[in-house]
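Topology and contacts: notes
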Amino acid sequence: MANSALASTSQAQVRPAVSQVKQVVQERARRRADKAACIAIAEAAQALLVALISRAAEEARRGGAARILPWHIGRAVQSAEFRSSPFFTKTTARAADGTSGGTAKEARRAARAARLDGHVKVNPFRSLVKRTARAHGNVALAAPLVVALSAFVLEAVNQVADTAGEAAAKSDATTITADHVRTAVTDLLAGDLQARALAAIDAALVAEAPGE
């Protein structure tokens, strides 16, 4: 039980807050989402962020860079792992990585667009992005990328929530559940990225289960 509690605490510290996810779901999907669904959405978004930062960190180290720069993110997104996933073919996701020109102005514009689209602030995700970069990339982020990747996290939450809401609507469900989120992840992601996201969701839900 102690180990499960520790795992739950650790996971909660490195994923979007459930309260933030719940707000996005309510505003975008117009459906109630149970706690398990919000946890699942948060884990899916975090899995995307971890995969992107980890691959970008590899690009940075390969080039001898001391920090992740916009073009490292661009190269990561162009890898086969990401290009095979429908999530990364979305225009807003591509814009949110801040790599169209690599400027701070464009990164801020992408973050502002995502913020307005989601009706929530992206600022709460900044600390999450920084912690994830330290934990999974061990490479510092260029300042504009903290903003841009915060927008990326919001975009991930938005897309997973939207797709889970569509899955709920198809089954005439009034509440979005973790199973609807799993369906969304299957639709949006492919290959190892999909497998890692689903595994993260399952692990988080087991850790959150009472009495475990």
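Now for a description of the structure that goes with this document. (Residues numbered from 1 in each chain as written. Predicted model: local features only at pLDDT ≥ 70, side-chain atom pairs only at ≥ 80, totals over all residues. Heavy atoms only, no water.)

It is possible for side chains of opposite charge to pair when their charged atoms get near one another. Summed over the entire model, instances satisfying the criterion amount to seven salt bridges. In this structure, Arg15 and Glu43 form a salt bridge, with 2.9 Å as the shortest nitrogen-oxygen distance. Here Arg15, found in the loop between α1 (2-13) and α2 (18-28), pairs with Glu43, found in helix α3 (residues 35-62); they are 28 residues apart in sequence, far enough to count as distant. Accessibility classification places Arg15 together with Glu43 in one group, the buried group. Ionic pairing is found between Arg15 and Glu208, a salt bridge with its closest N-O pair at 3.3 Å. Of this pair, Arg15 sits in the loop between α1 and α2 while Glu208 is found in helix α11 (residues 191-208), placing the two residues 193 residues apart along the sequence. According to the relative accessible area criterion, Arg15 is buried, its value standing at 5%. (Salt bridge = Lys/Arg side-chain N within 4 Å of Asp/Glu carboxyl O. Helix = DSSP H or I, 4+ residues; strand = E, 2+ residues; numbered from the N terminus. Buried < 20%, exposed > 50% of the residue type's maximum accessible area, 1.4 Å probe, protein only.)

On to the nonpolar core, then. By size, the foremost hydrophobic cluster in this structure holds 63 residues, and its most contacted members are Ile68, Leu149, Ile176 and Val181. At the level of secondary structure, the elements contributing two or more residues to this core comprise α2, α3, α4 (70-77), α8 (126-137), α9 (143-170), α10 (178-188) and α11. Here this core takes 17 residues from α3, the largest share from any one element. (Core = buried A, V, L, I, M, F, W, Y, C linked by side-chain atoms within 4.5 Å.)

All right, on to α2 then. For α2, the set of buried residues is Val21, Val24 and Val25. Burial along α2 is one-sided: seen end-on, the buried residues are contained in an arc of 100°. Once α2 ends, the next one or two residues include Arg30, with phi positive near 55°. (Arc of directions from axis to C-beta.)

What follows concerns the environment of Arg196. For Arg196, the position within the fold is in helix α11. Taking C-alpha positions, Arg196 is 9.1 Å from Leu48, a pair spaced 148 residues apart along the chain. In this view, Arg196 contacts Ala51 and Glu81; residues no more than four positions away in its chain are not counted. (Contact = heavy atoms within 4.5 Å.)

This part is about the packing of α2 against α3. Where α2 meets α3, the axes come as close as 9 Å, and the angle between the chain directions of the two elements is 100°. It follows from the interaxial angle that α2 and α3 lie roughly perpendicular. Along the contact surface, α2 presents Val18, Val21, Lys22 and Val25, while α3 presents Cys38, Ile39, Ile41 and Ala42. Tallied by class, residues from the contact of α2 with α3 come to seven nonpolar, no polar and one charged. (Axes fitted to C-alpha atoms, helices over the stretch in contact; angles between N-to-C directions. Parallel < 35°, antiparallel > 145°, perpendicular 65-115°, else oblique. Nonpolar A, V, L, I, M, F, W, Y, C, P; charged D, E, K, R; others polar.)

It is worth spelling out α3 at this point. In an α-helix there are 3.6 residues to a turn, and that puts residues three or four apart on one side. The end-to-end C-alpha distance of α3, which contains 28 residues, comes to 40 Å, matching closely the 40 Å that a straight helix rising 1.5 Å per residue would cover. Phi turns positive one or two residues past the end of α3, at Gly64, with a value near 75°. (Expected span 1.5 Å × (residues − 1).)

Attention now goes to the environment of Pro144. Here Pro144 shows up in helix α9. Residues Pro144 and Leu69 lie 75 residues apart in sequence; the distance between their C-alpha atoms is 8.9 Å.

Now for the packing of aromatic side chains. Here the structure, examined in full by the defined rule, presents one aromatic pair. Ring centres 5.8 Å apart and planes at 90° place the aromatic pair Phe87 and Phe152 in the edge-to-face group. Of this pair, Phe87 sits in the loop between α5 (80-83) and α6 (91-96) while Phe152 sits in helix α9, and the two are 65 residues apart along the sequence. Residue classification places Phe87 among the buried residues on the basis of a relative accessible area of 0%. (Phe/Tyr/Trp six-rings, centres within 6.5 Å; stacked < 30°, edge-to-face > 60°.)

Distances and angles like these do not, on their own, reveal function.
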